[in-house]
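# Architecture and fold: a report
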Amino acid sequence: MTWVKVCGLRTPADVVAANEAGADAVGFVLADSPRQLTLIQAKELVPLSGALTVLVTVDLPAGEVPDIFRATGADALQPHGAFQLEAGSAASKLGKQVILPVPAGSDITPVDQEFILLMDTPSKVHHGGTGKTFDWDLAKSLGRPVVLAGGLGPNNVADAIAAVRPWGVDASSGLELSHGVKDHERIRLYVERAKTA
């Protein structure tokens, strides 16, 4: 069965919706985004989830990794941008799971096999949440388990899983009514269709 992550949650009701839908992981964005949370907000939401709690960061120095886990109590790190390998290694040393984002079509240098790779749509402006898909054949060519992201939602997640057979899927903007505002029915349908694909 496909592992399913719902990212960019901002309210207790969002977390409850993801829990009730059966998501395996939830993401809390600590970087500049319509979905951005403060560490205090993330700390309040993390205990509400029965799923893996993932902190999504951009350009986070490795030295700050222990601080964000201490402040929030989260389980995992998804580091984008500069320092991502260093931040991932720092999180791994703390016993945290690491989901390492890679842009579709990029040259992927060998990385720690313990890191889960997340393939997303490349963008010069955004590190994720673009709402755009990419050529899913690029994910199939990795030769290792991958989390598929980029423009996924209830309308295409089953097709994506059928095409790629990824280890997992991740969605954020495709589950929203507007930037940063989650649609709980879309969350339910997305998780349901991913789990039955």
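The structure reproduced in this document is the subject of the present report.

The rules we used
- Residues numbered from 1 in each chain as written.
- Predicted model: local features only at pLDDT ≥ 70, side-chain atom pairs only at ≥ 80, totals over all residues.
- Heavy atoms only, no water.
- Helix = DSSP H or I, 4+ residues; strand = E, 2+ residues; numbered from the N terminus.
- Rg over C-alpha atoms; globule rule 2.2 N^0.38 Å.
- Buried < 20%, exposed > 50% of the residue type's maximum accessible area, 1.4 Å probe, protein only.
- Contact = heavy atoms within 4.5 Å.
- Areas by Shrake-Rupley, 256 points an atom, 1.4 Å probe, with all protein chains shown as cover.
- Pairing = 2+ DSSP bridges.
- Axes fitted to C-alpha atoms, helices over the stretch in contact; angles between N-to-C directions.
- Salt bridge = Lys/Arg side-chain N within 4 Å of Asp/Glu carboxyl O.
- Right-handed = clockwise from strand over helix to strand, strands pointing away.

### Structural notes on the overall build of the protein
When you go through the protein residue by residue, the secondary structure sums to 7 helices and 10 strands. At 15 Å, the protein has a C-alpha radius of gyration in line with the 16 Å of a compact globule built from 197 residues. Overall size of the protein, expressed as C-alpha extent along the three principal axes, is 40 × 40 × 30 Å. Per-residue burial for the protein yields a buried fraction of 50% across its 197 residues. Pairs at least 24 residues apart make up 49% of the contacts formed inside the protein by residues separated by at least 6 positions. Of the roughly 9100 Å² that the protein leaves accessible, carbon and sulfur atoms contribute 52%.

### Quick word on unusual backbone geometry
Glycine aside, residues mostly have negative phi, and peptide bonds are mostly found in the trans state. The phi angle at Asp 59 is positive, at roughly 55°, despite the residue not being glycine. By secondary structure assignment, the location of Asp 59 is in the loop between β3 (52-58) and α3 (65-72). Located in the positive-phi region is Arg 165, a residue other than glycine, with phi close to 50°.

### Let's talk about the sheet that holds strand β7 (residues 146-148)
One closed barrel accounts for 8 strands, arranged β1-β2-β3-β4-β5-β6-β7-β8; its pairing is parallel. The mean angle between the axes of side-by-side strands here comes to 25°, regardless of whether they run parallel or antiparallel. Sheet topology note: the strand β1 (residues 3-6)/strand β8 (residues 168-171) ladder contains 4 bridges and is parallel. The residue of β8 that forms the bridge with Val 6 is Ala 171. Those strands touched by helix α4 (residues 84-93) are β4 (76-80) and β5 (97-103), and its axis lies near 170° from that of β4.

### Structural notes on the pattern of salt bridges
Taken as a whole and judged by the stated rule, the model has 9 salt bridges. Across the pair Lys 5 and Asp 170 runs a salt bridge whose closest N-O atoms are separated by 2.8 Å. In this pair, Lys 5 is assigned in strand β1 and Asp 170 in strand β8, connecting sequence segments 165 residues apart. A salt bridge links Lys 182 to Glu 176; the shortest N-O distance between them is 2.8 Å.

### Describing the pairing of β8
Here β8 shows a buried face lined by Gly 168 and Asp 170 and a second buried face lined by Val 169 and Ala 171. Sheet topology note: the β7/β8 ladder contains 2 bridges and is parallel. Across the sheet, Leu 148 pairs through a bridge with Val 169, a residue of β8. As a crossover connection, the stretch from β7 through helix α6 (residues 157-164) into β8 is right-handed.

### A closer look at the pairing of β4
Burial within β4 is extensive, with 5 of its 5 residues counted as buried. Burial along β4 is two-sided: the residues Ala 76, Gln 78 and His 80 and Leu 77 and Pro 79 are all buried. For β3 and β4, the ladder comprises 5 bridges, and the chain directions are parallel. Directly across from Val 54, in β4, lies its bridge partner Ala 76.

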